[in-house]
Structures are given as C-alpha cells and as structure tokens.
Amino acid sequence: MHPKGSPEPPRFVPGTLTVTSPPHEAGTVFMRWEGRIAHPMADRIEGVFQAFKASRRRFVLILDSSGGSVAEGHKVITVLRLIRRTHTLDTSVGPGLRCGSMCVPVYLQGETRFGARTSSWLFHEVTRRSKDFGKLRRVTESSRNLIQSYWYPAGVSRTWIERMLREQDGYDWW
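Summary of the structure given here.

What counts and what doesn't
Residues numbered from 1 in each chain as written. Predicted model: local features only at pLDDT ≥ 70, side-chain atom pairs only at ≥ 80, totals over all residues. Heavy atoms only, no water. Helix = DSSP H or I, 4+ residues; strand = E, 2+ residues; numbered from the N terminus. Buried < 20%, exposed > 50% of the residue type's maximum accessible area, 1.4 Å probe, protein only. Contact = heavy atoms within 4.5 Å. Areas by Shrake-Rupley, 256 points an atom, 1.4 Å probe, with all protein chains shown as cover. Disulfide = S-S within 2.5 Å. Core = buried A, V, L, I, M, F, W, Y, C linked by side-chain atoms within 4.5 Å. Polar contact = N/O pair within 3.5 Å; in protein donor to acceptor, adjacent residues only side chain to side chain. Expected span 1.5 Å × (residues − 1). Phe/Tyr/Trp six-rings, centres within 6.5 Å; stacked < 30°, edge-to-face > 60°. Lys NZ or Arg CZ within 6 Å of the ring centre and 35° of its normal. Right-handed = clockwise from strand over helix to strand, strands pointing away. Pairing = 2+ DSSP bridges.

**Examining the overall build of the protein chain**
Secondary structure assignment for the protein chain yields 5 helices and 9 strands. Reading the protein chain from its N terminus to its C terminus gives the helix and strand order β-β-α-β-α-β-β-α-β-β-β-β-α-α. A buried classification covers 42% of the 174 residues belonging to the protein chain. Contacts in the protein chain between residues at least 24 apart in sequence constitute 60% of all its contacts with a sequence separation of at least 6. As displayed, the protein chain offers around 10,000 Å² of accessible surface, 52% of which is attributable to carbon and sulfur atoms.

**Details of the state of the cysteines**
Enumeration over the complete set of coordinates arrives at 1 disulfide. Sulfur-sulfur distance for the disulfide between Cys99 and Cys103 comes to 2.4 Å. A torsion of -110° about the S-S bond marks the disulfide between Cys99 and Cys103 as left-handed. Judged by its relative accessible area of 0%, Cys103 falls in the buried class.

**Details of the nonpolar core**
Grouped together as the largest cluster of nonpolar side chains are 41 residues, with contacts concentrated most on Ile45, Leu63, Val106 and Trp151. Put simply, the parts of the chain that give this core at least two residues each are β2 (28–34), α1 (41–52), β3 (58–64), α2 (70–86), β4 (88–93), α3 (103–107), α4 (140–151) and α5 (158–168). Residue contributions to this core peak at 6 residues, all from α2. Every residue in contact with Val106, bar those within four places of it in the chain, is listed here: Ile37, Met41, Leu61, Leu63, Gly73, Val76, Ile77, Leu80 and Thr91.

**Quick notes on the side chain of His87**
Here His87 is to be found in the loop between α2 and β4. According to the relative accessible area criterion, His87 is buried, its value standing at 8%. Of the polar contacts made by the side chain of His87, one reaches the backbone oxygen of Arg56; its length is 3.1 Å. Beyond its immediate chain neighbours, meaning those up to four positions away, His87 contacts Phe49, Lys53, Arg56, Arg57, Phe59 and Glu111.

**What to know about α2**
Its 17 residues place the ends of α2 25 Å apart at the C-alpha level, agreeing with the 24 Å of an ideal helix rising 1.5 Å per residue. Its side-chain oxygen at 3.2 Å from the backbone nitrogen of Ala71, Ser69 defines the N-terminal cap of α2.

**Things to note about the packing of aromatic side chains**
Between two aromatic rings, the relevant description is the distance of the centres plus the angle of the planes. Scanning the entire structure with this criterion turns up 5 aromatic pairs. Ring geometry for Phe49 against Phe59: centres 5.4 Å apart, planes inclined by 65°, an arrangement best described as edge-to-face. Here Phe49, found in helix α1, pairs with Phe59, found in strand β3; they are 10 residues apart in sequence, far enough to count as distant. No difference in accessibility class separates Phe49 from Phe59, as the two residues are buried. A centroid spacing of 4.9 Å and a plane angle of 70° characterise the contact between Tyr107 and Trp121, whose relative ring orientation is edge-to-face. Of this pair, Tyr107 sits in helix α3 while Trp121 is found in strand β7 (residues 120–122), placing the two residues 14 residues apart along the sequence. Here a set of aromatic residues connected by ring pairs shows up, and it is made of Phe123, Trp151 and Trp160. Across from the ring centre of Tyr152, 4.0 Å away, lies the NZ or CZ of Arg158, which sits over that ring.

**What about the pairing of β3?**
Extensive coverage of β3 is indicated by the burial of 5 of its 7 residues. The handedness of the β2 to β3 crossover, carried by α1, is right-handed. Where β3 lies against β4, 5 bridges are found, and the strand directions are parallel. When the bridges of β4 are listed, Arg58 appears paired with Thr88. Note on the crossover from β3 through α2 to β4: the handedness is right-handed.

The structure is reproduced here in structure tokens:
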C-alpha cells in the first residue's frame, strides 16, 4: 500500500524532524528524527541549526531510524560536523527506539552518545537494489568506507568491529 498521493512504496516516505527548544537560558535544542535516513533530513537539521545557532550552544539529536540512504547519511554527517565546529552536539537513541544501518554512522557523530539498554541496533553491509528484478546486492567496499570514515574516528573498538563483521557475514546483525 502506498502512502496517500505517493507513487512510492512506504519505505521511501521521508522521516520527520520534531524540534523542542526549552527556554533560552537552557541553551539546548532537542531534535528528534523519526524515520528513514532520507532527503530532506540534512536540509531540515541544517535549517534548525541556522535558526538557533546564535542563541543556543548545545544541540541534541534523538534518533529513531531503521536506516536509509548512504548518500543522505553523508550529507547529514556533513551538517552534524558543521554544528560540532562551534557548538556541542550530542546524539541519543532512547528506550524502545532503534538505530539501524545508516543511522549508526549518524549516531556516531555525537560528542557524547547516549544509547539506552532497551534500544535496538541493526548492523549489516551496505546494500543496493540491482536492476535484476530489484534484488538486493551487497556493496562491501561501501561498507568498509563507512567503517573507515565514521566508526574508527568515533572510537568504536576495532575488536568489536571485527567481531561484528565476522558474525554478520552477509546477514543482519542485531
């Protein structure tokens, strides 16, 4: 079933960004992204930053996403790194929330990262739909690039990464 008015299946429905800004004295803006890592996520986060950068010092990105587009994920990370140049950026995956696939590199951008014990995490290789009947194919080189670019610099344990890669072996690893 397609969302009303949309020619695309539900997996292409963009996520939503909810913004909460406590009184100015608190100095923090809370942004909650719920849904796929997909356009216009980067644009929306950048818009919030531009609106509050002069009056707030800290931004918290709360994530609830099963993953999404690698290309949009790179754009989001570029915006988050822009925020980190001059402001504090923290990330969170709260109780009952999820962070899977491309959400993980986005989450890793937080200076302080909060992950609830009751949150769900999904790791797998980058996949793309092939032209052969829409089958998914693994893109191992893209997966390695994500790990090199985002996981190691964020301080994720090499031992843990090696274990995860071994145990996922082409499958989803929760």
